[in-house]
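Okay, here's what each chain looks like letter by letter:
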Amino acid sequence: MMDLRILLFFVTVPWIFCEPARTSKVVPKHKGILKIGDDEELISDSRTVMEAKKPKKKVILSTDYDSPVDTDDEAPGADHKDNMELPTCLMCVCLTGSVYCEEVSPDMTAVPPLPKETAYLYARFNKIAKITNKDFADIATLRRIDLTGNRISEIEDGAFSKLSQLEELTLAENKLVKLPMLPAKLVSLNVNHNLLKTKGVKANIFKKLTKLSYLYLGDNGLEAVPLLPETLRVVHLHNNNITSLTDDTFCKGNNTHYIRYNMQEVRLDGNPITLAQHPNSFICLRALPIGHYN
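- Looking at an unreviewed UniProt entry, the chain carries the name Mimecan, with the source organism given as Carassius auratus.
- The chain has a UniProt comment under Sequence similarities (unreviewed entry) that states "Belongs to the small leucine-rich proteoglycan (SLRP) family. SLRP class III subfamily."

In structure tokens form, the structure reads like this:
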């Protein structure tokens, strides 16, 4: 009986101590080697992939307060202010400093709001009827305005006077009966093909423009030549109703030595006047005016 107990002791004790070894795999806890795990595969720490946390998305409530709106896709610094330039630049072509609004459809009946950096405006062949003081009030950068071929019959007196950089103004082919005040730095003015008469042109309106070089007044109803500044190079007065000239129209009647050096071209053709009858009117010019002499 004693022998049987001894035999059972030697059989069961090793079995008890070996059982944990089968169910648990012990691994040294050194970085870069292995981890302990029950019935798990051995995994190398160096191959463990850490899942990167995604950045939290900024969430705002939409205006209906029903659902959040994801703003992740918005460009940084997105500008949400109302862009007053957008309607104009949809109807017209807006380039850097220039706006082209020619033959706009649907019909353009007023000057559109302009980008504040506009230097050149071309709004030709539309149906603009009036120019107000507000149309260009905030556009101090304008250097050229071309409104050819509209239906402009009225321009408020201060519409252009504050445009300190304006050099070229074209109002040809409109229905003007009166000229407004003009900016001091104007170099070129074109009002051909309007309904202007002498009473609609103030006596000294051009005389005060000390940089004016090109003046186009053809195809109107002027009865006399207005006072002209010394800086003029070209003046077109063709197809008007001018019937007379004086010795002071272009020259200085009391100074026979005076020569108008800047004047290069004068057009008086199409007027009911015979230029040969007024020889002293051109004595100071470097070239005779274009017109009828017989």
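## So, the overall build of the chain
Moving on, step 1. Of regular secondary structure, the chain possesses 2 helices and 13 strands.
Moving on, step 2. Split into buried and exposed, the 294 residues of the chain put 35% on the buried side.
Moving on, step 3. Contacts in the chain between residues at least 24 apart in sequence constitute 39% of all its contacts with a sequence separation of at least 6.
Moving on, step 4. Put simply, the chain shows about 19400 Å² of open surface, and 55% of that area lies on carbon and sulfur atoms.

## Description of the side chain of N194
Moving on, step 1. Assignment of secondary structure puts N194 in the loop between β10 (188–190) and β11 (214–216).
Moving on, step 2. The exposure class assigned to N194 is buried, which follows from its relative accessible area of 5%.
Moving on, step 3. There is a polar contact of 3.4 Å between the side chain of N194 and the backbone nitrogen of N174.
Moving on, step 4. Leave out the neighbours within four places in its chain, and N194 touches L171, A172, E173, N174, K175, L176, D219 and N220.

## Some details on the nonpolar core
Moving on, step 1. In this structure, I131, F136, I145, F206, F250 and L268 are the most contacted members of the largest nonpolar core, which totals 57 residues.
Moving on, step 2. Excluding residues within four positions of it along the chain, L268 makes contact with V225, L237, H238, I242, L245, F250, L275, F282, P289, I290 and G291.

## Description of the environment of L114
Moving on, step 1. One can find L114 in the loop between β4 (98–100) and β5 (120–122).
Moving on, step 2. The spacing of L114 and C89 is 25 residues in sequence and 8.7 Å in space, taken between C-alpha atoms.
Moving on, step 3. Beyond its immediate stretch of four places on either side in the chain, L114 contacts V99, L121, F136 and I139.

## Details of the packing of aromatic side chains
Aromatic rings considered in pairs are described by the distance between their centres and by the relative angle of their planes.
Moving on, step 1. Within the structure shown, the criterion is met by 3 aromatic pairs.
Moving on, step 2. Look at Y100 and Y122: their rings are 5.0 Å apart centre to centre, the planes differ by 5 degrees, and that puts the pair in the stacked class. Within this pair, whereas Y100 is found in strand β4, its partner Y122 is found in strand β5, the two being separated by 22 residues in sequence.
Moving on, step 3. On the accessibility criterion, Y100 (32% relative accessible area) is partly exposed.
Moving on, step 4. Aromatic pair F250 and F282: ring centres 6.4 Å apart, planes at 45 degrees, arrangement tilted. In this pair, F250 is assigned in the loop between β12 (234–236) and β13 (265–267) and F282 in the segment after β13, connecting sequence segments 32 residues apart.

Conventions and cut-offs
- Residues numbered from 1 in each chain as written.
- Predicted model: local features only at pLDDT ≥ 70, side-chain atom pairs only at ≥ 80, totals over all residues.
- Heavy atoms only, no water.
- UniProt positions renumbered as here; feature names shortened; annotations may be inferred.
- Helix = DSSP H or I, 4+ residues; strand = E, 2+ residues; numbered from the N terminus.
- Buried < 20%, exposed > 50% of the residue type's maximum accessible area, 1.4 Å probe, protein only.
- Contact = heavy atoms within 4.5 Å.
- Areas by Shrake-Rupley, 256 points an atom, 1.4 Å probe, with all protein chains shown as cover.
- Polar contact = N/O pair within 3.5 Å; in protein donor to acceptor, adjacent residues only side chain to side chain.
- Core = buried A, V, L, I, M, F, W, Y, C linked by side-chain atoms within 4.5 Å.
- Phe/Tyr/Trp six-rings, centres within 6.5 Å; stacked < 30°, edge-to-face > 60°.

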